[in-house]
Structure formats: structure tokens, C-alpha cells
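# Structural features, examined
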Amino acid sequence: QVQLVESGGGLVQPGGSLRVSCAASGSIFRISDMGWYRQAPGKQRELVASITSVGNTNYADSVKGRFTISRVNAWNMMYLQMNSLQPEDTAVYYCNGKDAVNGQDYWGQGTQVTVSS
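Residues numbered from 1 in each chain as written. Predicted model: local features only at pLDDT ≥ 70, side-chain atom pairs only at ≥ 80, totals over all residues. Heavy atoms only, no water.

### What about the pairing of strand β1 (residues 2–7)?
Covered by surrounding structure in β1 are V2, L4 and E6 only, the residues Q3, V5 and S7 on the alternate face being uncovered. Here β1 runs beside strand β3 (residues 18–26); their pairing, made up of six bridges, is antiparallel. If you follow Q3 over to β3, its bridge partner there is S25. (Buried < 20%, exposed > 50% of the residue type's maximum accessible area, 1.4 Å probe, protein only. Helix = DSSP H or I, 4+ residues; strand = E, 2+ residues; numbered from the N terminus. Pairing = 2+ DSSP bridges.)

### A closer look at the packing of aromatic side chains
Scanning the entire structure with this criterion turns up one aromatic pair. Measuring from ring centre to ring centre gives 4.9 Å for Y37 and W107, while their planes differ by 70°; the resulting arrangement is edge-to-face. Here W107 lies in strand β10 (residues 105–107) and Y37 lies in strand β4 (residues 31–39), a separation of 70 residues in the sequence. By relative accessible area, Y37 is classed as buried at 17%. R45 extends its terminal NZ or CZ atom over the ring of W107, reaching a point 4.6 Å from the ring centre. (Phe/Tyr/Trp six-rings, centres within 6.5 Å; stacked < 30°, edge-to-face > 60°. Lys NZ or Arg CZ within 6 Å of the ring centre and 35° of its normal.)

### Thoughts on the environment of R38
Along the polypeptide, R38 turns up in strand β4. In the structure, R38 is positioned 65 residues away from G103 in sequence and 20 Å away in space, judged by C-alpha atoms. Dropping the residues within four chain positions of it, R38 is found in contact with Q44, R45, E46, V48, S62, V63, F67, E88, D89, A91, V92 and Y93. Polar contacts involving the side chain of R38 include one to the side chain of S62, which spans 3.5 Å. Of note is the side chain of R38, whose polar atom sits 3.0 Å from the side chain of D89. (Contact = heavy atoms within 4.5 Å. Polar contact = N/O pair within 3.5 Å; in protein donor to acceptor, adjacent residues only side chain to side chain.)

### Looking at the pairing of strand β5 (residues 46–51)
Here five bridges tie β4 to β5, and the two strands are oriented antiparallel to one another. Among the inter-strand pairings, G35 is bridged to a residue of β5, identified as S50. Connecting β4 to the antiparallel partner β5 that follows it, the hairpin turn spans six residues, and G42 within it adopts a positive phi of roughly 75°. Direction of pairing for β5 relative to strand β6 (residues 57–59): antiparallel, over a ladder of three bridges. Across the sheet, the residue bridging to A49 is Y59, located in β6. Linking β5 to β6, which pair antiparallel, is a turn of five residues; within it G55 sits at a positive phi near 95°.

### Section: the pattern of salt bridges
One pass over the full model with this rule turns up six salt bridges. A salt bridge links R30 to D99; the nearest nitrogen and oxygen atoms lie 2.6 Å apart. One end of the pair, R30, is in the loop between β3 and β4; the other, D99, is in strand β9 (residues 91–99), with 69 residues separating them in the sequence. The closest approach of N and O atoms between K98 and D105, which form a salt bridge, is 2.6 Å. Looking at D105, the relative accessible area reads 34%, which means it is partly exposed. (Salt bridge = Lys/Arg side-chain N within 4 Å of Asp/Glu carboxyl O.)

### Description of the sheet that holds β3
Pairing in this open sheet of four strands is antiparallel, and the strands run β1-β3-β8-β7 from one edge to the other. The open sheet has two free edges, formed respectively by β1 and β7 (67–72), since each of these has just one partner strand. Mean inter-strand twist for the sheet, computed between neighbouring axes without regard to direction, equals 15°. (Axes fitted to C-alpha atoms, helices over the stretch in contact; angles between N-to-C directions.)

Take a look at the structure:
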């Protein structure tokens, strides 16, 4: 089994920055690609950014140029640096990891990010 735990969410003013973190534990050797998803009230969960085991990244159009995803495999950590935050970025942010063997998705419990003045 794989456990993912997010941290670092909070309240930030528009234009501000925040970094959320994801700590992986358990059978982490099973994880290949990882990513950050978010879900705003009344909306479906959406992919924000993803990163492969070798560091190739992909971003949603809405966050390109503002968000940066990274991972440090040796530390079992993944990060999402969010700059120029806007109210529409308000959501619960979830850490995701994909099982390289069976394709199963692992999820964290989520961390709330609120952008408001």
C-alpha cells in the first residue's frame, strides 16, 4: 500500500504564493507518475499538473506559467509551487500517485487552498 499526505494549504491573498507538499510512504517503489489535482465546490476534480518518475511535467492551461510541480524521489516528496494565485484557484488540492504495476490511483486526503482578500 501507498500513503500520500498533503500539507501546506491555507489562505492567501490574490497575487500571492503558496507551496503545497505531498509526502509518500509505504510501498513507494510502486509509484510511477505523480500529480496534483484540485476540486472546487460544485465542480469536478481536475488535473492541475503531473510529473513522471524522470521529471517530465505537464500542466493545465489555466496554471501554465504560474505553477511549478517538482518531486524529490530520494525524499519521497512532491511539491506544487503556486504563484500569482487567483480566487479561481481556490479548491481542495489532492496529491495523486499511479501504481506502475496495476495502474491503481493513490490519493491523499487533500489540503484546502483559499485565495481571497
